[in-house]
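Letter by letter, the chains look like this.
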Amino acid sequence: FSARDSHQSPSTIDLGVARMAARRSSLMPLLLLAACACGLLRWLPGTSFVQPPVARSLTQEDVAKLATAGALFVPQAAGARLPDEFVAFAPIVDVLPILPIFFLLLAFLWQASVGFR
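Nothing here was measured: the structure is a model prediction, and the numbers come from that model.

Procedures and definitions
- Residues numbered from 1 in each chain as written.
- Predicted model: local features only at pLDDT ≥ 70, side-chain atom pairs only at ≥ 80, totals over all residues.
- Heavy atoms only, no water.
- Helix = DSSP H or I, 4+ residues; strand = E, 2+ residues; numbered from the N terminus.
- Buried < 20%, exposed > 50% of the residue type's maximum accessible area, 1.4 Å probe, protein only.
- Areas by Shrake-Rupley, 256 points an atom, 1.4 Å probe, with all protein chains shown as cover.
- Salt bridge = Lys/Arg side-chain N within 4 Å of Asp/Glu carboxyl O.
- Expected span 1.5 Å × (residues − 1).
- pLDDT = per-residue confidence, 0-100.

### Notes on the overall build of the protein
(1) Moving on: Counting secondary structure elements, the protein contains four helices and zero strands.
(2) Moving on: Going residue by residue from the N terminus, the α and β elements of the protein occur as α-α-α-α.
(3) Moving on: For the protein, the residues scored as buried account for 3% of the 117 residues in total.
(4) Moving on: A total of about 11,000 Å² of accessible surface is found on the protein, and carbon and sulfur atoms cover 73% of it.

Rendered as C-alpha cells:
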C-alpha cells in the first residue's frame, strides 16, 4: 500500500481488494470464451491462411544442389577462427551468444520478485 492508502480504514481497504478480486474474476469467462472461439476457428476447414505443406520427395537434382551448397559453405565455417590478437578471449566469445537468454531469464526473475505488476 502507498502512503495515500495508510490513512484509510481497514474496511475501506478490504472493500477495494474485494472489488479488484471481483473485477479480476469477471474476466475469466471472457478469456474462456475467447479460447473456445479460437479453438473452433482453428478446426474449421479452409479458414487458415497457411495451407499445410505438400509432401514431395527429393529428386536427385535437389540432393546434388544440397551437397554442392554444403561443400561450398561448410569449410569456411569450420575454418573460421579468431585473429591471433583475440585468441585469449575465445572463452568469452563462446559464451556471448547465450547472453540474451540470460537477460530474458533475468527479466522473468525481476517480474516474479515484484509480483508481476
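Moving on from the model shown.
### What to know about the pattern of salt bridges
(1) Moving on: Inspection of every chain in the model, using the stated rule, returns two salt bridges.
(2) Moving on: The salt bridge partner of K65 is E61, with a shortest N-O separation of 3.3 Å. Of this pair, K65 and E61 both sit in helix α2 (residues 60-78), four residues apart, which is roughly one turn of the helix. In terms of burial, K65 and E61 fall into one category: exposed.
(3) Moving on: Of the charged contacts, one joins D84 and R81 as a salt bridge, the two residues approaching to 3.2 Å between their closest N and O atoms. With respect to class, D84 is no different from R81; both count as exposed.

### Thoughts on helix α4 (residues 99-113)
The periodicity of an α-helix, 3.6 residues per turn, causes residues three or four places apart in sequence to face the same way.
(1) Moving on: Along its 15 residues, α4 runs 21 Å from first to last C-alpha, staying within 8% of the 21 Å computed at 1.5 Å per residue.
(2) Moving on: Among the residues trailing α4, G115 stands out with phi positive, at a value near 75°.

### A word on unusual backbone geometry
(1) Moving on: Positive phi, normally seen in glycine, also occurs at F116, with a value near 55°.
(2) Moving on: With respect to the element layout, F116 can be found in the segment after α4.
(3) Moving on: The class for F116 is exposed, based on a relative accessible area of 56%.

### Digging into the confidence of the model for the protein
(1) Moving on: With 59% of its residues at a pLDDT of 70 or more, the protein shows a mean pLDDT of 75.
(2) Moving on: In the model of the protein, helix α1 (residues 10-43) stands out as the element of lowest mean pLDDT, 67, in contrast to α4, which has the highest, 94.

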